[in-house]
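Descriptive analysis of the structure
So you can see what is in the structure, the chains are spelled out below.
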Amino acid sequence: MGYVLAIGATNVDILGTAQGPLRLGDSNPGRIRTTQGGVARNVAENLARLGIDTHLLSVVGDDAFGHSVLAATRQAGVNTQACWVLPGAATSTYLSVHSSDGDMTVAVNDMEILQRVTPALLAQHANALKLAQAVVLDCNLSEESLGWICHLKGNAPIFVDGVSAVKCLRIKPCLGTVHTLKLNQLEAQTFTGLPCNTLIDMQTITQHLHLQGVQQVVISLGAQGVFWSDKGTGSGKLDALLCTVFNTAGAGDALTAGLVYAYLQQWPLHQAASFAQGCAALTLGAPAANHPNLSAAAVTQLLHHIFTTYP
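Rules used throughout
Residues numbered from 1 in each chain as written. Predicted model: local features only at pLDDT ≥ 70, side-chain atom pairs only at ≥ 80, totals over all residues. Heavy atoms only, no water. Pairing = 2+ DSSP bridges. Helix = DSSP H or I, 4+ residues; strand = E, 2+ residues; numbered from the N terminus. Axes fitted to C-alpha atoms, helices over the stretch in contact; angles between N-to-C directions. Buried < 20%, exposed > 50% of the residue type's maximum accessible area, 1.4 Å probe, protein only. Arc of directions from axis to C-beta. Core = buried A, V, L, I, M, F, W, Y, C linked by side-chain atoms within 4.5 Å. Contact = heavy atoms within 4.5 Å. Parallel < 35°, antiparallel > 145°, perpendicular 65-115°, else oblique. Left-handed = near helix turned anticlockwise from the far one by under 90°.

**Considering the sheet that holds strand β2 (residues 11-18)**
Pairing is mixed in the open sheet, where 4 strands are placed in the order β3-β2-β7-β8. Two strands close off the open sheet at either side, each with one partner strand: β3 (30-37) and β8 (104-110). Geometrically, the sheet is characterised by an average inter-axis angle of 15 degrees between neighbouring strands, direction not taken into account. In terms of strand pairing, β2 meets β3 through 8 bridges, oriented antiparallel. Bridging from a neighbouring strand, V12 pairs with Q36 of β3.

So, in structure tokens, the structure goes:
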């Protein structure tokens, strides 16, 4: 089996969680944690923990944050040889504040360094892109860079994480090259200009995306589960799994990683979506954006516990 290449953001996440009700405009007692993050980096770590040979192509600054996040990523099993350490640049940093139930209330991101990921820089790893078995992109990259990657890649399927309602629009010109597109409800609505509230709405949205060339679409519905649609085999909705929520950071990245893993196992999308939900459910119970004990066996065990008929 070849490797998966994840391209996009590597962040340091600074997460603050209030102990009680969050009071805006005031100092709130709570806990503050600093962990590694970034959508592409999180997906890469999750895939490595699932046993997939995974390479990360990203940028960090030549600073304490940059060196520490790369070291932690390597320790998790990710190949970081394609990452650049840029002198004079600050490592991408994501600062979020969460209520006591784990839901994010507000966040600020400083991701200016990602503007340095240009086609000229990416061209240094053109062969790695062409030889990958699958490519994962996050829409933190510029529209120009996303377009360059999509048109250069070989036969590898492209998996795209929309990241946000604003940033997901950057992949729109390249939809015909995307195999799997993972969006949340707001992103799906913004991306298509169509409502995304009912099952009929979601079917309409996914059919719209299929007509533009996307083979698989997965819409994350948060506490309501996921909606999946395969261009060739149909669609369906899965209810959310009951789980303990420590914080919601990273759950969407775990979902994306689960979809990639399942594709490599040649599973149908309905089974892939179920496995991906298991990855997200485990991650929701972790204090950071990645669960240190994530594995294919752990996810399967969780799903067997919930569904006695799980394969």
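**A word on unusual backbone geometry**
Its identity as a non-glycine residue notwithstanding, V163 has a phi of 75 degrees, on the positive side. Checked against the element boundaries, V163 lands in the loop between β10 (158-161) and β11 (180-184). In this structure, Q266 is a non-glycine residue whose phi angle is positive, near 65 degrees. Among the structural elements, Q266 can be located in the loop between α8 (251-264) and α9 (269-284).

**Things to note about helix α10 (residues 296-306)**
Considered for burial, the residues of α10 that qualify are A296, V299 and L303. With its buried residues spanning 70 degrees around the axis, α10 presents them on a single face. Turned more than 90 degrees off the buried face of α10, the exposed positions are A297, Q301 and H305.

**Describing the nonpolar core**
In terms of nonpolar packing, the biggest core is built from 46 residues, with I7, L137, I171, L181, L209 and I219 touching the most fellow members. Residues within four places of I219 in sequence aside, it is in contact with L183, N184, Q185, A188, C196, M202, I205, T206, G225, V226 and F227.

**Describing the packing of helix α6 (residues 185-192) against helix α7 (residues 199-211)**
When two helices pack together, their arrangement is captured by the angle between the axes and the distance separating the axes. Two numbers describe how α6 lies on α7: the axes approach to 11 Å, and their chain directions differ by 55 degrees. On the basis of the axis angle, α6 is oblique to α7. Crossing of α6 over α7 shows left-handed handedness. Where α6 approaches α7, its residues Q185, A188, F191 and T192 are matched on the opposing element by M202, I205, H208 and L209.

**What to know about the pairing of strand β4 (residues 54-57)**
Across the two faces of β4 the burial is the same, with T54 and L56 and H55 and L57 all buried. Pairing geometry for strand β1 (residues 4-7) and β4, over 4 bridges, is parallel. Along β4, the bridge assignment pairs A6 with L56.

**Digging into the packing of α8 against α9**
The N-to-C vectors of α8 and α9 enclose an angle of 145 degrees; their axes lie 7 Å apart at closest approach. Read as a crossing pair, α8 and α9 show a hand that is right-handed. Here α8 contributes A251, A254, L255, G258, L259, Y261 and A262 to the contact with α9, which in turn contributes L269, A272, A273, F275, A276, Q277, C279, A280, T283 and L284.

**Structural notes on the sheet that holds β4**
A sheet is described by the order of its strands in space; here 8 strands give the open sequence β4-β1-β9-β10-β11-β12-β13-β14, paired in mixed fashion. Taken across any chain shown, the strands that pair with only one partner, and hence form the sheet edges, are β4 and β14 (234-238). For this sheet, the mean inter-axis angle between neighbouring strands, taken without regard to orientation, is 15 degrees. Contacts from helix α5 (residues 143-152) reach β1, β9 (134-138) and β10 within the one sheet, and its direction differs from that of β9 by about 170 degrees. Contacts from α9 reach β12 (216-220), β13 (226-230) and β14, with the element oriented near 150 degrees to β13.

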